[in-house]
Every structure is written in structure tokens, then in C-alpha cells.
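Secondary and tertiary structure notes
Here is how the chains run, residue by residue.
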Amino acid sequence: VPVGNFLMGGLRRSPLNRVLGRSFLLLTFAGQRTGKEYTVPLAFAHHGPDELVVLGRRPDGRGWWTNIRGSLPVRVKYGDRQSEGDASVVKGDDAVARLSSYLEKLPRLARSLGAATGADGRYERASLEAVAAQVPVVSIKLRPSGGHR
């Protein structure tokens, strides 16, 4: 995974950034114990104008999201935008709504997560609830002064 992070980070800093900026961001945060700064590339989706949604790793593996204790100050870079925000793991109805936004933008990930659609083509609520119970759903509330517009 670190090699993948390195490669994706390099691509995000390259001229291909504009293409990748539609689906991927660089999230930078300080580790809770060490204070060391980390940057990870993540797929993302918008949930409203001032909120981004990303997924954490499955709970069976430690991941960047385990640094979140309530709210975690972060910096994000996507496309030509940079902003500061606060990341928090969401649960229940909040997680289901944000997961739905995420999968609508990134439908290719739905199968790997086990999310099923109904006859109407929309994700089934029970399916979204099951995914949200297994995979951390992270909301990043962007700060107004971050210049993300």
C-alpha cells in the first residue's frame, strides 16, 4: 500500500491531476500519537457543496482513519483546489446517506463493497447499511476559509 500511495501521490502532483481530481484527493493529517504528518490518496465524492465523503479501510486492517477521535483536522487537495476541513467517522443514517452519494459517483466500487441495487437502479438501503457497518464512512466538512470554491 505505501508504494501505491507514493505512486498515486506522484500522479496527483503531475499534469494528470486535473483528470484524477474528479475522483481522487490527497488527504493530509497529523498522526494522533506521533504528530507526524501523513498524506494518503483516496477516492472521494461530494455530499453537498461543503462536504466530501471518503471511505476508510476495512476494520480488520489499521488505516489512516484510526487517527480520528471525534474530529480530525485535515487538508485536502483535489483538482486545482486545496482546503482545510474536519474529518469524522459517521454512523447510522448519516453513513448511509453519504455512502449513497459516494457510490453514485463511484459505482465501480459498489460490487467490491457488496452494495446491491434494486429494480429501480438505486442502492438498496439494507445493502448500504450492511456496507456502512463494515467499512468506515468518513465525512470531511470543508472550512469556509479554505478556498475550496
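Here is a short report on the structure shown in this document. Note that this is a predicted model, so its numbers are computed, not measured.

A few words now on the nonpolar core. Core analysis: the biggest nonpolar cluster contains 20 residues, and L55, L99, Y102, L103 and V137 have the highest contact counts within it. Only β4 (51-55), α3 (92-105), α4 (108-113) and α5 (125-134) provide two or more residues apiece to this core. Ranked by residues supplied to this core, first place goes to α3 with 5 residues. Leaving out residues up to four positions away in the same chain, L55 has contacts with L42, W64, L99, Y102, L113, V135, P136 and V137. One finds L52, W64, I68 and L72 within the second-largest nonpolar core, a separate group that totals 19 residues.

The next thing to look at is the sheet that holds strand β7 (residues 137-142). Two strands in a sheet stick together by hydrogen bonds in their backbones, pointing the same way (parallel) or opposite ways (antiparallel). Strand order in the open sheet formed by 7 strands is β2-β1-β5-β6-β7-β4-β3, and the pairing between neighbours is antiparallel. Edge strands, defined here as strands with exactly one partner in the open sheet, are β2 (37-43) and β3 (45-46). Examined bridge by bridge, β4 and β7 share 5 bridges and lie antiparallel to one another. Its bridge partner being in β7, L52 is matched across the sheet by I140.

Of note, L25 is situated in strand β1 (residues 24-30). Through-space distance from the C-alpha of L25 to that of Y78 is 4.5 Å; in sequence the pair is 53 residues apart.

What the rule picks out here adds up to 3 aromatic pairs. For the ring pair F29 and Y38, a centre distance of 5.6 Å and an interplane angle of 25° mean the geometry is stacked. Judged by relative accessible area, Y38 falls into the partly exposed class, the value being 33%. Between the aromatic rings of F44 and Y78, the centroid separation amounts to 5.1 Å while the plane-to-plane angle is 55°, which identifies the pairing as tilted.

Another point: the pairing of β1. Every regular strand shows the same layout, with side chains that alternate between the two sheet faces. Within β1, 5 of the 7 residues are buried, which leaves the element mostly enclosed by the surrounding structure. Counting the residues that bridge the hairpin from β1 to β2 gives 6 residues, and of these G35 lies at a positive phi of roughly 75°.

Further remarks concern the packing of α3 against α5. Two elements in contact, α3 and α5, have axes separated by 9 Å at closest approach and are oriented at 105°. In terms of orientation, α3 lies roughly perpendicular with respect to α5. Contacts from D93, A95, V96, L99, S100 and L103 of α3 reach α5 at R125, L128, E129, V131 and A132. Residues belonging to the contact of α3 with α5 are distributed by class as follows: 7 nonpolar, 1 polar and 3 charged.

Now for the pairing of strand β5 (residues 72-78). The alternating pattern of β5 places L72, V74, V76 and Y78 on a buried face and P73, R75 and K77 on a face that is not buried. Two strands pair when backbone bridges link them, and β1 and β5 are joined in this way by 3 bridges, in the antiparallel orientation. Counterpart to L26 in the pairing with β5 is K77. Sheet analysis places β5 next to strand β6 (residues 81-90), joined by 7 bridges and oriented antiparallel. Looking at the pairing, K77 lines up with Q82 of β6. If you look at the hairpin formed by β5 and β6, you'll find 2 residues sitting between the two strands, and G79 has a positive phi there, around 60°.

Conventions adopted
For every chain, the first residue of the written sequence is number 1, and numbering continues from 1 onward in sequence order. pLDDT decides what is reported in this predicted model: residues at 70 or higher carry local features, side-chain atom pairs at 80 or more are listed and counted, and totals for whole chains, interfaces and linings draw on all residues regardless. Water and hydrogen atoms were dropped before computing side-chain values, which therefore reflect all heavy atoms in the structure. As used here, the term nonpolar core means buried Ala, Val, Leu, Ile, Met, Phe, Trp, Tyr and Cys residues forming a set that is joined through side-chain atoms within 4.5 Å. Residue exposure (1.4 Å probe, protein chains only): buried if accessible area is under 20% of the type maximum, exposed if over 50%, otherwise partly exposed. What counts as a helix is a DSSP run of H or I of at least four residues, what counts as a strand is a run of E of at least two, and both are numbered from the N terminus. Whether two residues are in contact is decided by their heavy atoms, any of which lying within 4.5 Å being enough. Two strands form a pair only when DSSP identifies at least two bridges running between them. Two rings belonging to Phe, Tyr or Trp (six-membered ring only in the last case) form a pair when the distance between their centres is within 6.5 Å. Interplanar angles under 30 degrees mark stacking, angles over 60 mark edge-to-face geometry, and anything in between is tilted. Note on definitions: angles span 0 to 180 degrees between N-to-C directions of axes, and those axes are lines fitted to C-alpha atoms, for helices only across the stretch in contact. Should an angle fall under 35 degrees it is called roughly parallel, over 145 degrees roughly antiparallel, and 65 to 115 degrees roughly perpendicular, with every other angle called oblique. Residues are grouped as follows: nonpolar covers Ala, Val, Leu, Ile, Met, Phe, Trp, Tyr, Cys and Pro; charged covers Asp, Glu, Lys and Arg; every other residue, Gly included, is treated as polar.

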